[in-house]
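Notes for the structure review
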Amino acid sequence: MLDILMGILAGLWESSGLAGLIEQPQKLILIGVSFLLMYLAIVQKWEPLLLLPIAFGMFLSNLPAVLEEDYMFHAAFWTQEQTADWFWSVLHDGGLLDKLYLGVKLQIYPCLIFLGIGTMTDFGPLIANPKSFLLGAAAQGGIFFTFVAAAALGMTAAECGAIAIIGGADGPTSIYVSSKLLDGANTNLTTGTIALAAYAYMALVPVIQPPIMRMLTTKKERAIKMPQLRQVSKTEKIIFPIVVTLIVTLLVPSAASLVGMLMFGNILKESGVCERLVDTAQNALMNIVTIFLGISVGATTTYDNVWNIQFIFVLFLGAVAFSLGTACGLIIAKIMNWLSGGKVNPLIGSAGVSAVPMAARISQKVGAETDPTNFLLMHAMGPNVAGVIGSAVAAGVLLSVVAY
Amino acid sequence: MQLMLSTNCLPLLAGGSIPGDTHMDGAQVAGVLTAGLGVVFAALVLLVVLIFLFGKLFELINGRKKQKETAKVTEKAPKAAPVQKKPAPAPAAMAVPAEDADEVIAVISAVVAMMSTQDGTTYQVRSVKPAAQSLGGRAVWAMDGRRQNVAPF
């Protein structure tokens, strides 16, 4: 009787997570990191809507188990070739987070998030001042120069593309590109590590940008007051998403999914006849997809994928990408200011980084430091939303030139 | 031209589609940099031109609509002229601006009357004139409204 009891207890112990923890103590490090991220999300409020689900996904996937079937996420699935049998094995043998991660792998979640973003974006300031598109394009210099820097550090093409897209300062775009480029690639980088770096740096935009803005502009330039934007008609706002979708999809078809969904959401909003759909896209759909995306992406951050030199490179190059994007936008804005005879405040150039609306707020804040009566917010929103389109186009370019 | 618009131009500009697992040489990296920035700028410049042209077109259409409406109002005005009475004389001390002047003056007078009851001094509104618009061409109230709206940022 005692033998049987001891046998049962031994069996329970061997299949328990505590035994798994003794076998793989390194998982404690990632669990600790997940606690830190939860602190940053909850207490410091760093992009909590995504960072908290990512942190909890990291926590769940790094909780040790001994038996394979007890794991919520199996990293081994996601390095295999995606055949019909593979799909079946994920659905049959995978954990909950494996099944939720299918939405990332099939590029569904980022596109649905872009749909929701489209319903919440007002392109009026951009339509009123189309030159803002140039600032949105300029800020994507951060992506391509970071690509060069990553290549200089000896990374493969897929790794370079996945890291460079962090410079787009757009979470869904980063996830979309990295999930495609890193699919089946022989690398320790995962969509989770890229997403983690992207959202962490997006939260740090108020820290990264202002010193660069002050360094690259003079006080006189920061004090420039821009003329008021013209009124944009409803018809223009309806035609805009159609035109953008047409042009971008013809030039860069690989960006069609992101830009198409962004503009679909926008035309739903601007049409004024689909209020229920807009309400769903802005609220319920965005929230559901954000939960699924965050927790499943966080689950990909296992010890092997995070605790290596490449993750250090990701953190370093992420900062480089954001800084270069800010600098490129500011420089082009200075050139536009010079060509226009002093009518463009260069501070709006940094808003081309597509962290909407944070980057525009920072342009307003830094401008107001020099002159409190200077209201740059709406002028900065133009480049800010142009940056969303620009980063989606840049993503399409990366997906076109790097085979996956 | 057809090649430039082709979806295949990007890999060609980058020196061929680059396999994901390769370590790139300088030429490939330069190709990606050039192709990437070039295509992003080209796409957005095209959008700038198109949106600018659409904007001008709509301004033209709206301008013509306003001209038609103004012409209709002008046709009606001569018919209405014979029935116009002499407007009531404004208070001698008031210089009245354009629209909604009566409501604005009433509000200002009410506030001034309240001030009189608070400190016992009798105040009289002698004239109401638009404030000088020296702050970037914007009215003072509009400026204050903007200041309040962006203060949280």
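Let us look at the environment of A:T280. All names here are of chain A. Take T280: it is sitting in helix α18 (residues 275–299). By the C-beta count within 10 Å, which is 16 here, T280 ends up partly exposed. Once the C-alpha coordinates of T280 and V33 are considered, the two residues, 247 residues apart in sequence, prove to be 34 Å apart.

Glancing now at helix α13 (residues 191–203) of chain A. All names here are of chain A. Over its 13 residues, α13 runs 18 Å from end to end, which matches the ideal 18 Å to within 8%, given 1.5 Å per residue. With 12 of 13 residues buried, α13 is to be regarded as a mostly interior element. Every buried residue of α13 is accounted for by T191, G192, T193, I194, A195, L196, A197, A198, Y199, Y201, M202 and A203.

This brings us to helix α14 (residues 205–216) of chain A. Each full turn of the α-helix corresponds to 3.6 residues, which orients residues three or four apart in the same direction. Residue and element names in this part refer to chain A. Compared with the 16 Å implied by 1.5 Å per residue over 12 residues, the 16 Å span of α14 between its first and last C-alpha is a close match. Three or more residues of α14 are buried, namely I208, Q209 and M213. Buried residues of α14, viewed axially, fall in a sector of 115°; they line one side. Facing away from the buried surface of α14 by more than 90 degrees, the exposed residues are V207, P211 and M215.

Turning to the interface of chain A and chain B, a few remarks are in order. Taken together, the contact pairs 48 residues of chain A with 39 residues of chain B. With nine residues, the top contributor of residues to the side of chain A that touches chain B is helix α16 (residues 234–251) of chain A. Taken together, the residues that form the side of chain A that touches chain B break down as 31 nonpolar, 12 polar and five charged. Of the strand pairs in this sheet, strand β1 (residues 402–403) of chain A and strand β1 (residues 18–19) of chain B are connected by two bridges, and their pairing is parallel. From the neighbouring strand, A:A403 faces β1(B), where its bridge partner is B:P19.

This part takes up unusual backbone geometry. Most peptide bonds take the trans form, and the phi angle of most residues other than glycine is negative. Residues and elements named next belong to chain A. Here V356 and P357 are connected by a cis peptide whose omega angle stands at -10°. Position of P357 relative to the elements: it lies in the loop between α20 (309–339) and α21 (358–370). Here K45, not a glycine, exhibits a phi torsion of approximately 60°, which is positive. Within the fold, K45 resides in the loop between α3 (27–42) and α4 (48–62). The class of K45 is exposed, set by 10 C-beta atoms lying within 10 Å. The backbone of E47 sits at a positive phi, close to 40°, despite the residue not being glycine. Within the secondary structure layout, E47 lies in the loop between α3 and α4.

This next bit is on the packing of α14(A) against α20(A). Residue and element names in this part refer to chain A. Running from N to C, α14 and α20 point in directions that differ by 40°, and their axes come no closer than 10 Å. When the axis of α14 is compared with that of α20, the two are oblique. Here the hand of the crossing between α14 and α20 comes out right-handed. Contacts between α14 and α20 pair V205, I208, Q209, I212, M213 and L216 from the former with A319, F322, S323, T326, A327, L330 and I331 from the latter. The residue inventory of the contact of α14 with α20, partitioned by class, reads 10 nonpolar, three polar and no charged.

Axes are the key here: two packed helices are described by the angle between their axes and the distance separating the axes. All names here are of chain A. For the pair helix α17 (residues 256–271) and α18, interaxial distance at closest approach is 8 Å and the crossing angle is 135°. Regarding the angle of α17 to α18, the classification is oblique. For the pair α17 and α18, the sense of crossing is left-handed. Two secondary-structure elements touch here, α17 through G265, L268 and K269 and α18 through L277, V278 and A281.

A few words on the confidence of the model for chain A. Overall, the prediction assigns chain A a mean pLDDT of 88, with 98% of residues at 70 or greater. Considering each helix and strand of chain A separately, the mean pLDDT is smallest for helix α2 (residues 17–23) of chain A, with a value of 70, and largest for α17(A), with 94.

Basis of the calculations
Residues numbered from 1 in each chain as written. Chains lettered and ligands numbered in written order. Predicted model: local features only at pLDDT ≥ 70, side-chain atom pairs only at ≥ 80, totals over all residues. Helix = DSSP H or I, 4+ residues; strand = E, 2+ residues; numbered from the N terminus. Buried ≥ 20, exposed ≤ 12 C-beta atoms within 10 Å, placed from the backbone. Expected span 1.5 Å × (residues − 1). Arc of directions from axis to C-beta. Contact = placed C-beta atoms within 7 Å. Nonpolar A, V, L, I, M, F, W, Y, C, P; charged D, E, K, R; others polar. Pairing = 2+ DSSP bridges. Axes fitted to C-alpha atoms, helices over the stretch in contact; angles between N-to-C directions. Parallel < 35°, antiparallel > 145°, perpendicular 65-115°, else oblique. Left-handed = near helix turned anticlockwise from the far one by under 90°. pLDDT = per-residue confidence, 0-100.

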